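Chain by chain, the residues:
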Amino acid sequence: MKLFINIITIISLFVEPIISIDVCTNVQCKCNHHFTNVYCDSKGWTSLNTIEFPSRVRTLTLINNKLKFDTTDDRSKIENLTSLLDLSLNQNPIEIIPPFNNSKIRSISLQDTSITSVKFPSTYLNLFLETISLSNNKIHTIDENDFIALKNSIVKRLHIDSASLSTIHRNAFIPLIQLQSLSLKNNQLKSCEFLSTFRLLSSIKLDGNRFTSLPQELLLKRNINYFFRQNLISIIDESSPLYTWLKNNYTNNKIYLANNSFDCCRSLWFIRFLNTSSHFVGDASSLTCATPSNYAGKKLIELNPDEMNCGGVLPNGTWWTTGRIIAVVIGGSAFILTSIVIIVIMTRRQRVRSGYTEIGGIDDPSPNTALLSSSNEPPFPPYGEDNDAVSTYSTAPSRNTVGSHITSVSTAGGIPANDDNQI
């Protein structure tokens, strides 16, 4: 018996190095009953040289380790898993996208790593990825050829959230011809020219970026859910793509706009749009005013733009229709013209009553009639040495001189020389 035990011990010394024990058998990692889902997170691993995974693994997570996959040995540990479909390498100090060459992988997650570029190595030409997540990295820019190695892939979902993105080349996503869902939340984007290149896109998430208005690229596509929550949008009027949606009846389009700071007095058109066509806005019931202060916190969908007091702000598309504006202009012009005519008439009458007589007799119906025909006394009191020097109808050096003489003339009986009966 003792001899048998010794033989077994000797055999085990030779067999143990050959027969490897995987991380599920030795309970290094959490695994499901069939060893198809393996979770080896927070192990502090810097290399996979001594690590063995079950050959049947389909989902493998290696989150929060110290792996870089910058050696062939480490990458081969992944590539040799012929049943692997989903791979998560989040929170590892990976600096570039690892050049794996495993045609079975369908999903790869590289969140919160040290990656600064989304350029995929040429080895991915042989992969058929469907889902890629590159969120929580410091990427900043996506260039035109970064996804060129994925042209043979069938990527349907791409997530690059919270990646400090500020610039994306308008043609960057062209190789992703199967893309259906794109998430670019919590970045620094202000424009989205790249939207014009998608064929099958059904959802685009741009929440938490820096858009100040709805981009015109929203006119180019139909049957898409657009997410622009928590941006810098304050005004939506008839110049926005929503007007075209309404006009062309893009009923399959939907947009989400919660947590934008709306100026309700400058978005009266949008309020009316919500009152009649809220089905275009998926979160219409949660949109509220930020300004002006008398409407702050009020729900847009509960406001009536015709009854809003906006203190001189011209309502867009409400009471101030084109016909009403024209009527106000015509009415105002008629009032001004009438006022001018009345002023002119009153001025003329005032001139006649003050004794003013036009030179040349234009305004005098009886230029040859004497001013005072019933009196034998001189019509004017003595004026200097020559009483004949002044005459109402004589040619005077100037109009002012004539006027000054006329105002001082009176009859012997004290009747003004310009009595209306004599003029």
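Residues numbered from 1 in each chain as written. Predicted model: local features only at pLDDT ≥ 70, side-chain atom pairs only at ≥ 80, totals over all residues. Heavy atoms only, no water.

Draft legend 1. Geometry of the overall build of the protein. When helices and strands are counted, the protein shows six helices and 15 strands. Looking at the protein alone, contacts between residues at least 24 apart form 52% of all its contacts between residues at least 6 apart. Summed over all atoms, the accessible surface of the protein reaches about 24100 Å², with 52% contributed by carbon and sulfur. (Helix = DSSP H or I, 4+ residues; strand = E, 2+ residues; numbered from the N terminus. Contact = heavy atoms within 4.5 Å. Areas by Shrake-Rupley, 256 points an atom, 1.4 Å probe, with all protein chains shown as cover.)

Draft legend 2. Broad picture of the state of the cysteines. Inspection of every chain in the model, using the stated rule, returns four disulfides. For C264, the disulfide goes to C289, at an S-S distance of 1.9 Å. Its S-S torsion of about -100° marks the bond between C264 and C289 as left-handed, since a negative value means left-handed. With C264 in the loop between β14 (262-263) and α4 (268-277) and C289 in strand β15 (residues 289-291), the pair connects residues that are 25 residues apart, well separated along the chain. Assessed through its relative accessible area of 3%, C289 is described here as buried. Across the disulfide from C265 sits C310; the S-S distance is 2.1 Å. The sign of the -85° torsion about the S-S bond sets the C265-C310 disulfide as left-handed. One end of the pair, C265, is in the loop between β14 and α4; the other, C310, is in the loop between β15 and α5 (322-353), and 45 residues separate them in sequence. (Disulfide = S-S within 2.5 Å. Buried < 20%, exposed > 50% of the residue type's maximum accessible area, 1.4 Å probe, protein only.)

Draft legend 3. Focus on a nonpolar patch on the surface. Side chains of F335, I336, I340 and V344 sit close together on the surface and give an oily, nonpolar patch of about 420 Å² of accessible area. Looking at where I340 falls in the secondary structure, it is placed in helix α5. Exposure remark for I340: the relative accessible area of 48% places this residue in the partly exposed category. (Patch = residues over 30% accessible without salt bridge, like charges linked within 9 Å, V, L, I, M, F, W, Y side chains within 5 Å. Salt bridge = Lys/Arg side-chain N within 4 Å of Asp/Glu carboxyl O.)

Draft legend 4. Examining the pattern of salt bridges more closely. In this structure the tally under the stated criterion is three salt bridges. With a closest N to O distance of 2.9 Å, E52 and K77 form a salt bridge. A residue pair is termed long-range when its members are at least 10 positions apart, and E52 in the loop between β2 (37-39) and β3 (59-61) and K77 in helix α2 (residues 72-79) qualify at 25 residues. The exposure class assigned to K77 is buried, which follows from its relative accessible area of 17%. In this structure, D207 engages R229 in a salt bridge whose closest nitrogen and oxygen atoms are separated by 2.8 Å. Here the residue D207 occupies a position in the loop between β11 (203-205) and β12 (225-227), and R229 occupies one in the loop between β12 and α3 (241-248), the gap between them amounting to 22 residues. By relative accessible area, which is 7% here, D207 ends up buried.

Draft legend 5. Broad picture of the confidence of the model for the protein. Of the residues in the protein, 73% reach a pLDDT of 70 or more, and the chain-wide mean stands at 81. Note that pLDDT drops below 50 for residues 8-19; the model gives that stretch one contact with residues more than four away or on any other chain. Per-residue pLDDT stays below 50 along residues 313-319; that stretch engages in 17 contacts with residues further than four places along the chain or on separate chains. (pLDDT = per-residue confidence, 0-100.)

Draft legend 6. Summary view of the packing of aromatic side chains. Taken as a whole and assessed by the stated rule, the structure comprises 15 aromatic pairs. Judged by centre distance (5.2 Å) and plane angle (85°), the ring pair of F120 and Y124 falls under edge-to-face. Per residue, the accessibility class of F120 equals that of Y124, and both read buried. Through a chain of ring-to-ring contacts, the aromatic side chains of Y226, Y243, W245, F262, W269, F270, F273 and F280 assemble into a single cluster. One cation-aromatic arrangement involves K205 over F227; the distance from NZ or CZ to the ring centre is 5.4 Å. (Phe/Tyr/Trp six-rings, centres within 6.5 Å; stacked < 30°, edge-to-face > 60°. Lys NZ or Arg CZ within 6 Å of the ring centre and 35° of its normal.)

Draft legend 7. Geometry of unusual backbone geometry. The linkage connecting T291 with the following residue, P292, adopts the cis geometry, with an omega of -10°. Take P292: it is sitting in the loop between β15 and α5. Of note, Q230 is a non-glycine position whose phi angle comes to about 55°, a positive value. Among the secondary structure elements, Q230 is positioned in the loop between β12 and α3. Its identity as a non-glycine residue notwithstanding, N259 has a phi of 65°, on the positive side. Checked against the element boundaries, N259 lands in the loop between β13 (254-256) and β14. Exposure remark for N259: the relative accessible area of 60% places this residue in the exposed category.

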